[in-house]
Amino acid sequence: LSQRQQQQHRKPTALMENSLPDAETLSGFDKKKPFWWRRLTDCDPISLEPLRRLRVEPFELSADGARSYFFDGKILANYLVSTGVFSHPISRRELTRDDCQRLDAHLRRYNLGKPCVEHAFDHQEEYKKAAPANSVRDIQLEASELLRAFYANRPA
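Residues numbered from 1 in each chain as written. Predicted model: local features only at pLDDT ≥ 70, side-chain atom pairs only at ≥ 80, totals over all residues. Heavy atoms only, no water.

What follows is about the pairing of strand 1 (residues 59-62). The alternating pattern of strand 1 places Phe59 and Leu61 on a buried face, while none of Glu60 and Ser62, on the opposite face, is buried. One ladder, built from four bridges, connects strand 1 with strand 2 (residues 68-71); its direction is antiparallel. Its bridge partner lying in strand 2, Glu60 is registered against Phe70. Adjacent in sequence and paired antiparallel, strand 1 and strand 2 are bridged by five residues, among which Gly65 carries a positive phi angle near 95 degrees. (Buried < 20%, exposed > 50% of the residue type's maximum accessible area, 1.4 Å probe, protein only. Helix = DSSP H or I, 4+ residues; strand = E, 2+ residues; numbered from the N terminus. Pairing = 2+ DSSP bridges.)

What follows is the structure, encoded as structure tokens:
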């Protein structure tokens with residue numbers, strides 16, 4: 001067979017360079033180095049934007065104790081507060097107060113907006129109330145508006 005025919009008869013190669021999530025392949029990543037996340041190949045599970053494009057490091061959230069996923073911290077916070085559903089977006093594991101505190105600390109550290117996830121978590125029962133004015137309703141509306149603005153500004 002000619003060289004061209006051999007190339008055509010080769011078995012197809014894998015379509016994806018990295019078939020494992022970044023959280024499983026981070027052994028070579030040194031998170032102490034600046035901009036370590038720029039080497040990630042995953043996208044944010046909510047916005048579907050590449051994590052490597054984030055201005056600040058992503059927020060790591062455990063799915064089940066053994067596996068973690070990275071998120072854009074600002075998008076995750078707005079998602080949780082706007083929906084009032086405090087479960088992991090992928091595994092559906094119930095989030096803990098500690099998870100919410102860590103997310104608020106991430107928001108503070110990188111100046112990513114109002115750190116109110118813990119407050120919303122502590123007042124989950126207010127999401128069920130129909131009262132027009134409660135402590136969660138205002139932050140829920142603000143988070144919803146931020147998410148709407150994010151998706152409205154995305155190219156089609």
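As a further point, take helix 2 (residues 73-83). Summarising burial for helix 2: nine of the eleven residues are buried, a large majority. Among the residues of helix 2, those classed as buried are Gly73, Ile75, Leu76, Ala77, Asn78, Tyr79, Leu80, Val81 and Ser82. The residue sitting at the N-terminus of helix 2 and contributing the capping side-chain oxygen is Asp72; that oxygen lies 3.1 Å from the backbone nitrogen of Lys74. Gly84 sits one or two positions beyond helix 2 and adopts a positive phi of about 75 degrees. (Polar contact = N/O pair within 3.5 Å; in protein donor to acceptor, adjacent residues only side chain to side chain.)

Our next topic: unusual backbone geometry. The phi dihedral of Arg92 falls on the positive side, at around 70 degrees, and the residue is not glycine. Within the secondary structure layout, Arg92 lies in the loop between helix 2 and helix 3 (97-109). Its identity is not glycine, yet Asn111 carries a phi of approximately 55 degrees, on the positive side. Here Asn111 lies in the loop between helix 3 and helix 4 (117-122).

So, about the packing of aromatic side chains. Here the distance between the centres and the angle between the planes together describe a pair of aromatic rings. As enumerated under the stated definition, the model contains four aromatic pairs in all. Residues Phe35 and Trp37 carry aromatic rings whose centres are separated by 5.5 Å and whose planes lie at 55 degrees to one another, so their mutual orientation is tilted. For Trp37, a relative accessible area of 6% translates into the label buried. Centre to centre, the rings of Trp36 and Trp37 are 6.0 Å apart; their planes meet at 90 degrees, and the pair counts as edge-to-face. Across the pair, Trp37 and Trp36 agree in class, each one buried. One aromatic cluster is present, built from ring pairs that chain together Phe35, Trp36, Trp37 and Phe70. Positioned over the ring face of Trp36 is Lys31, at 5.4 Å from the centre of the ring. (Phe/Tyr/Trp six-rings, centres within 6.5 Å; stacked < 30°, edge-to-face > 60°. Lys NZ or Arg CZ within 6 Å of the ring centre and 35° of its normal.)

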